[in-house]
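If you want the building blocks of each chain, they are given just below.
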Amino acid sequence: MIKDITIGQYFPGDSVIHRLDPRVKIVLAILYIAFLFIIQTAAAYLFALAVTFILVRLTKIPLKMYLRGLKPLLFILIFTAFLNVFYSTGEPLVKFWIFTVTSEGIKNAIFMMLRIFMLVIATSMLTYTTSPIVLTGGLERLLSPLAKIKIPVHEFSMMMTIALRFIPTILEETDKIMNAQKARGADFETGGLIKRAKALAPILIPLFISAFRRADDLATAMECRCYTGSGEGRTHYVSYSMSSADYVSLLVLAAMIAAAVFLNFVTVMGF
Amino acid sequence: MSAVIEFQNVSFRYNEEKDILKNISLTIEKGDFVAVLGHNGSGKSTLAKHINAILLPSEGKVSVDGLDTSDDNNLAAIRRKAGMVFQNPDNQIIATVVEEDVAFALENLGVPREEMVRRVDESLNAVGMIEFKKHATTKLSGGQKQRIAIAGVIAMRPDIIVFDEPTAMLDPQGREDVVNITKKLNEQGITVIYITHYMEEAAQAKRVVVLNDGEILIDGTPHYVFQNAGLLTSVGLDVPQSTSLMFLLRNHGIKVPLAVLNEEECISVLTDLLNTKESINGSDFKG
Amino acid sequence: MDPILKAENLTYVYGEGTPFEKTAINNINLEIFSNDFIGVIGRTGSGKSTLIQHFNGILRPTSGIIRYEGNDCWAKGFSRSMLRFNVGLVFQYPEYQLFEETVEKDIAFGPSNMGITAEEIEKRITESLHFVGLDDTLRKRSPFELSGGQKRRVAIAGIMAMDPKVLILDEPTAGLDPKGRDEILQRISEYRAEKKSTVIIVSHNMEDISRVCSKVLVMHDSRVEMFAPVKEVFERSEELCAIGLNVPQITRVFISLKEKGFNVPSSVYTPEQACSALLNVIGGENA
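For every chain, the first residue of the written sequence is number 1, and numbering continues from 1 along that sequence. Chains carry letters and ligands carry numbers; both start at the beginning, A for chains and 1 for ligands, and go up in the order they are written. With pLDDT at 70 or above as the cut-off, local features in this predicted model cover only qualifying residues; side-chain atom pairs require 80 or more to be listed or tallied, and sums for whole chains, interfaces and linings still use all residues. Heavy atoms from the whole structure form the basis of all side-chain values; hydrogens and water molecules are not counted.

Moving on to the overall build of chain B. Helix numbering and strand numbering both begin at the N terminus, where a helix is a DSSP run of H or I of at least 4 residues and a strand a DSSP run of E of at least 2. When you go through chain B residue by residue, the secondary structure sums to 12 helices and 10 strands. Its C-alpha atoms give chain B principal-axis dimensions of about 80 × 50 × 35 Å. Partly exposed residues are those whose accessible area sits between 20% and 50% of the maximum for their type, while under 20% is buried and over 50% is exposed, using a 1.4 Å probe and protein chains only. For chain B, the proportion of its 287 residues judged to be buried stands at 59%. Here a residue-residue contact requires only that any non-hydrogen atoms of the pair lie within 4.5 Å. Residue pairs at least 24 apart in sequence account for 63% of intrachain contacts in chain B once pairs closer than 6 positions are excluded. Of the roughly 11200 Å² of accessible surface on chain B, a fraction of 47% belongs to carbon and sulfur atoms. When charges are tallied, Lys and Arg are placed among the positive residues and Asp and Glu among the negative ones, while His and the ends of the chain are skipped. Here the site of a charge means NZ on Lys, CZ on Arg, CG on Asp, or CD on Glu. Computed over 28 positive and 40 negative side-chain charges, the inter-centroid distance for chain B is 2 Å. Using the Shrake-Rupley algorithm and a 1.4 Å probe, accessible areas are obtained, with residue cover drawn only from the displayed protein chains.

Turning our eyes to something else, we now look at the packing of aromatic side chains. Here the aromatic set is Phe, Tyr and Trp, taking the six-membered ring for Trp, and pairing holds for ring centres within 6.5 Å; pairs whose planes are under 30 degrees apart are stacked, those over 60 apart are edge-to-face, and all others are tilted. Throughout the structure, instances matching the rule amount to 15 aromatic pairs over all chains. A centroid spacing of 6.4 Å and a plane angle of 50 degrees characterise the contact between Phe53 of chain A and Phe117 of chain A, whose relative ring orientation is tilted. A residue pair is termed long-range when its members are at least 10 positions apart, and Phe53 of chain A in helix H3 (residues 42-59) and Phe117 of chain A in helix H6 (residues 103-129) qualify at 64 residues. The class for Phe53 of chain A is partly exposed, based on a relative accessible area of 35%. Classification of Phe117 of chain A as buried rests on a relative accessible area of 17%. For the ring pair Phe99 of chain C and Phe109 of chain C, a centre distance of 5.0 Å and an interplane angle of 85 degrees mean the geometry is edge-to-face. On the criterion of sequence distance, the pair formed by Phe99 of chain C in the loop between strand E6 (87-90) and helix H3 (103-113) and Phe109 of chain C in helix H3 is long-range, its members being 10 residues apart.

Residue and element names in this part refer to chain B. Where burial is concerned, most of strand E3 (residues 33-37) is hidden: five out of the five residues are buried. Every second residue of E3 is oriented toward a common face, with Phe33, Ala35 and Leu37 on one face and Val34 and Val36 on the other, all of them buried. Strands are labelled as partners when DSSP assigns at least two bridges between them. In the sheet, E3 pairs with strand E8 (residues 191-195) via four bridges, with the strands oriented parallel. When the bridges of E8 are listed, Val34 appears paired with Ile193. Pairing of E3 with strand E9 (residues 207-212) involves four bridges; the strand directions are parallel. In the sheet register, Leu37 faces E9, and the bridge partner there is Val210.

Attention now goes to the interface of chain B and chain A. Across the boundary between the two partners, chain B contributes 38 residues, which contact 32 residues of chain A. Put simply, buried area is how much 1.4 Å-probe accessible surface two parts lose in total, over both of them, once they are put together. With both chains or domains summed, chain B and chain A bury close to 3000 Å², and 57% of this area falls on carbon and sulfur atoms. One speaks of a salt bridge when a side-chain nitrogen belonging to Lys or Arg is within 4 Å of a carboxyl oxygen belonging to Asp or Glu. With its nearest N and O atoms 3.3 Å apart, the salt bridge here joins Asp101 of chain B to Arg225 of chain A. Whenever two N or O atoms come within 3.5 Å, that pair is a polar contact, provided that in protein one can donate a hydrogen and the other can accept it, and provided that, for residues adjacent in sequence, both atoms are side-chain atoms. Across the chain B-chain A interface, the total number found is 15 residue pairs in polar contact (both at pLDDT 80 or more). Of all the secondary-structure elements, those providing two or more residues to the side of chain B that touches chain A are helix H2 (75-81), helix H3 (98-102), helix H4 (104-109) and helix H5 (113-126) of chain B. Each residue is assigned to one class: nonpolar for Ala, Val, Leu, Ile, Met, Phe, Trp, Tyr, Cys and Pro, charged for Asp, Glu, Lys and Arg, and polar for all the others, Gly among them. Across the side of chain B that touches chain A, the residue classes break down as 18 nonpolar, 10 polar and 10 charged.

This next bit is on the sheet that holds strand E8 (residues 198-202) of chain C. Where strands meet in a sheet, backbone hydrogen bonds hold them as pairs that are either parallel or antiparallel. All names here are of chain C. Taken in spatial order, the six strands of this open sheet run E6-E7-E8-E3-E9-E10, and their pairing is mixed. Taken across any chain shown, the strands that pair with only one partner, and hence form the sheet edges, are E6 and strand E10 (223-229). Averaged over neighbouring strand pairs, the angle between their axes works out to 15 degrees when direction is ignored. Sheet topology note: the E6/strand E7 (residues 166-170) ladder contains four bridges and is parallel. Within E7, the residue paired with Val90 across the bridge is Leu169. To obtain each axis, a line is fitted to C-alpha atoms, and for helices this fit is confined to the stretch in contact; angles are then taken between N-to-C directions over 0 to 180 degrees. The sheet strands contacting helix H1 (residues 48-55) are strand E3 (37-41), E6, E7, E8 and strand E9 (215-220), and the helix crosses E7 at an angle near 155 degrees. Seen against the sheet, helix H6 (residues 178-195) touches E3, E7 and E8 and runs at an angle of roughly 160 degrees to E8.

Right, let's talk about the environment of Thr102 of chain C for a bit. Residues and elements named next belong to chain C. Along the chain, Thr102 turns up in the loop between E6 and H3. A C-alpha to C-alpha distance of 25 Å links Thr102 and Gln186, two positions 84 residues apart in sequence. Setting aside residues no more than four positions away along its own chain, Thr102 makes contact with Arg139, Lys140, Arg141, Ser142 and Pro143.

The next point concerns the packing of helix H6 (residues 142-154) of chain B against helix H7 (residues 172-187) of chain B. Residue and element names in this part refer to chain B. One way to put it is that H6 packs onto H7 with a least axis distance of 8 Å and a crossing angle of 20 degrees. Comparing their axes, H7 and H6 come out roughly parallel. Considering the relative orientation of H6 and H7, their crossing is right-handed. Between H6 and H7, the contacting residues are Gly143, Gln146, Arg147, Ile150 and Ile154 on the first element and Gly174, Asp177, Val178, Ile181 and Leu185 on the second. Roughly parallel means an angle under 35 degrees; roughly antiparallel, over 145; roughly perpendicular, 65 to 115; everything else is oblique. Crossing handedness follows the turn of the near helix against the far one: under a right angle anticlockwise gives a left-handed crossing, and clockwise gives a right-handed one.

Here the nonpolar core consists of buried residues drawn from Ala, Val, Leu, Ile, Met, Phe, Trp, Tyr and Cys, with membership extended through side-chain atoms lying within 4.5 Å. If you look at the biggest cluster of nonpolar residues, it comprises 55 residues, and the most contacted ones within it are Ile150 and Phe226 of chain B. When residues in this core are grouped by element, the largest group, five residues, is from H6 of chain B. Not counting residues within four places of it along the chain, the set of residues in contact with Ile150 of chain B comprises Val85, Val127, Phe163, Val178, Ile181 and Leu185 of chain B. Within the second largest apolar cluster, 49 residues are counted, among which are Ile159, Leu167, Leu245 and Tyr269 of chain C.

Right under this line is the structure:
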């Protein structure tokens, strides 16, 4: 189950999307999310879906991998759809007991699901195609003006980098410790809330101890490699020079948003 | 040869209870390959951490290339001269992509990008990991991770590399790779301090220092040190199998040299032994 | 006699349907009998760890059957928690799984999950501390204050205290110094002799296995390459070498001597065996 979590995972590759400047990618992702919240008509949604699938194809990462990221969100998706179907005001279609299904409701539910779906794909795409170091580096560069007003941008970005680096390691370790305690008869699946919470101690305590040990080791290793804790005087291995592809993608997205705004005024099939 | 690392009457303790290092004096020559042996808790890792000022002596003085490690102003220079590779391959990799990890020290040192790119390639080539340049670090085997850690250190172009039990958590294949890379680096002129409890690895060094309870028990060439099998076993260590065999043969009254450390030496001694026996048996037969 | 553990066409595939899909064990058939003392060897990634995690029901086979005392471990109604008490598995670096405040509480974790009486648990703590050679005075100490080697023993005692019929240890000597290695192996041998239980040790170290085990299971490329008594497997040391296993130094020496035309066995793994083999060959004069 733990292995299902795909957030923060990176799939090395050499696609057009992989090669984009991380700063551009972050900006694009934010704009894209904004774009998802602008669109309101079926035509605009169809258009957005088409764009999303084209982008997925461009990353050369199988769609299946993106869908996996949706799995943990399935409950929320269904729940919000449910709320939308039954609690929207508008023309009633069917009525039973206290529930009223409206065409507005169905529309809202579908739109909401599509929106979350594309939102997850867009954010996954950012992390799938950008190595965490490059991503945090890009973020650091984007936020670097903030350093002038004494916001610790470098420290923040180094923390992010290390966190991302250790997520897979800690997940793997959790799995290992769980298995080891299972081998001693630990039971994580049955019993009431208190019993289950208690059952976590044999996992959490070793995990914490190990995390502190790792942190200690890593800090020493970083010091040994001349890390001083400040971003001053550091250079960056990953270069950030905007290529024509970066400018083109920014233009394409701008065009898309314009198209979406336009499509917002077009109604299809009566919606 | 000139001294590059010098321990002068170094003692170290975390608290008053127990001295981890007791009045150690040790001089290491430039270009040497020194293996440090000792059982778990003998103080060998503590000794290693003094070389690049991760730990500072409670008493005495450590100097690296003439620089006193307890002087804060020397810190950056010392860390750059003396790189360090640790035991746990997972806990010394900072980046998620191989090339970015190798570049980490260079970024900290403010090396210009073009120079960095060159050095990353060079270092990855030196450890035979260039084809993994773009790979995710977490997906590598223990031995491969350790080679990346070594590349990250050699990218700094250090004069000295301290290896603190680099093979303890590796499988035999990974161990062999790391040992071979270490030997190659030493041949290129890097001074190597190699901490281990694998006797066969120590036997490949030029000098072996054995620590016991924070003190130097014995210090010399591998041939000299491993002749003292009794002393070594009394402090929880061992000798290479070949050396062990020579001791056993001697106990059976067979005259073989004791200074036998590795496969080649052992084969040649045993070949001689078997050949002479054959000729003796042969002459007996004739007689 | 029926086997205590039996694998029938056992196959396990990791990450099925993802780009990281990998067949870890492929169509394994084998039988393990009560009181067997088995050493499992193989390179990293050969499937050793995956195989043993099927023995106590941690992993569910992708296809094939694993049987304990004749019963399918994944059939409806089979109690896998009972299986885990009967087949005790000590993972690699087990000291990292300690979590209780005191040594005795940690050892008691397994037995108390079995629902046995407090007196019985008490008895088992004493017994297992004795088996791993830890002093009774350590009982009330925090496991985190102990040395690395002692922590490992506490962790092993925690499994022994469940009184399993089969005890499996994954690399029990990894990272220990020579003395620690010898001691752990000896303790395990003594435990087996006294409890008449089945013991399986996974190790990279063939010398260790040849010292204590009676049968050897060689894994290679997700399959069982050999499974036979120690002597039979080690007589094929050239083959072991050929599949990339790291055979001991002394074995490599004897393989070379044999290739040179000397009449010596290549199934020599320890200096003691080597010595008696040589005495046999050259002993003509003494005889």
